[in-house]
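What follows is the residue order along each chain.
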Amino acid sequence: MAKKKPVKRKAAKKAAKKAVKKTAKKTVKKAPKKKPAKKKSARKPNAAFMAKLTPSATLAAVIGGQPRPRTEMIKKIWDYIKKNGLQDKTNRRMINADTNLRALFGGKNQVSMFDLAKLVSQNVS
């Protein structure tokens, strides 16, 4: 009778191992392979943004007088703001005016950065 007990234990261990293997196989399923993303073609800028516009005298004092696309004008204004440290220290969305920018801002001491595109469109022809 002593021999039967170890045999039962071995059979129980084997059954437990099989059960563990089956559950492990069920939980570890491989995710289906994703198809590679299609390559996007390079975006072409809108011709209206790339049209060269002549800045007014007040805008020319900040960015120069040669005709430029609207996007380049905004970039030049940001270069001027960063070069002269005119971005407000506490509220970074606001731009402080110096003598050149005050004329561009319509006499205001501070303007939001979101108004720059509107100010440029008012000062080009």
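Predicted, not measured: the structure shown is a model, and the values here were computed from it.

A. Examining helix H4 (residues 70-84) more closely. If you check H4, its first and last C-alpha atoms are 22 Å apart, about what 15 residues at 1.5 Å a residue would give, namely 21 Å. Among the residues of H4, Met73, Ile77, Trp78, Tyr80 and Ile81 are the ones counted as buried. The buried residues of H4 occupy one face: seen down the axis, they fall within an arc of 155°. Residues Lys75, Lys82 and Lys83 are exposed on H4 and point more than 90 degrees away from its buried face. On the buried face of H4, the contacting elements are strand S1 (52-53), helix H3 (57-63), strand S2 (68-69), strand S3 (94-96), helix H5 (99-104) and helix H6 (116-122).

B. Region of the structure containing the pattern of salt bridges. Taken as a whole and assessed by the stated rule, the structure comprises one salt bridge. Its salt-bridge partner being Arg68, residue Glu72 comes within 3.7 Å of it at the nearest N-O pair. Owing to a relative accessible area of 8%, Arg68 belongs among the buried residues under this scheme.

C. Quick peek at the side chain of Asp98. As for its position among the elements, Asp98 is in the loop between S3 and H5. Notably, Asp98 is buried but unbridged: the nearest opposite-charge side chain belongs to Arg102, and the N-O separation is 7.3 Å. In this structure Asp98 touches Tyr80, Asn84 and Leu86, once residues within four positions along its chain are discounted.

D. Region of interest: the confidence of the model for the chain. Of all residues in the chain, 85% attain a pLDDT of 70 or more, and the chain-wide mean is 83. Ranking the elements of the chain by mean pLDDT puts helix H1 (residues 4-27) last, at 64, and S3 first, at 95.

E. Structural detail: the nonpolar core. Core analysis: the largest hydrophobic core is formed by 20 residues, its most contacted members being Ile77, Ile81, Ile95, Leu101 and Phe105. Only H3, H4, H5 and H6 provide two or more residues apiece to this core. When residues in this core are grouped by element, the largest group, five residues, is from H4. Residues in contact with Phe105, not counting those within four places in the same chain, are Ile95, Ala97, Val111, Leu116 and Leu119.

F. Spotlight on the environment of Lys76. Structurally, Lys76 is set in helix H4. Lys76 sits in the partly exposed class, given a relative accessible area of 32%. Sequence separation of Lys76 and Gly64 is 12 residues, and the distance between their C-alpha atoms is 9.0 Å. Sequence-distant contacts of Lys76, defined by excluding residues within four places in its chain, comprise Ile63 and Arg68.

G. Up close: the environment of Asp98. Take Asp98: its relative accessible area is 19%, and that puts it in the buried class. With 11 residues separating them along the chain, Asp98 and Asn109 place their C-alpha atoms 7.9 Å apart. A distance of 2.6 Å separates the side chain of Asp98 from the side chain of Tyr80, its partner in a polar contact.

Quick notes on the rules
- Residues numbered from 1 in each chain as written.
- Predicted model: local features only at pLDDT ≥ 70, side-chain atom pairs only at ≥ 80, totals over all residues.
- Heavy atoms only, no water.
- Helix = DSSP H or I, 4+ residues; strand = E, 2+ residues; numbered from the N terminus.
- Expected span 1.5 Å × (residues − 1).
- Buried < 20%, exposed > 50% of the residue type's maximum accessible area, 1.4 Å probe, protein only.
- Arc of directions from axis to C-beta.
- Contact = heavy atoms within 4.5 Å.
- Salt bridge = Lys/Arg side-chain N within 4 Å of Asp/Glu carboxyl O.
- Lys, Arg positive; Asp, Glu negative; His and termini not counted.
- pLDDT = per-residue confidence, 0-100.
- Core = buried A, V, L, I, M, F, W, Y, C linked by side-chain atoms within 4.5 Å.
- Polar contact = N/O pair within 3.5 Å; in protein donor to acceptor, adjacent residues only side chain to side chain.

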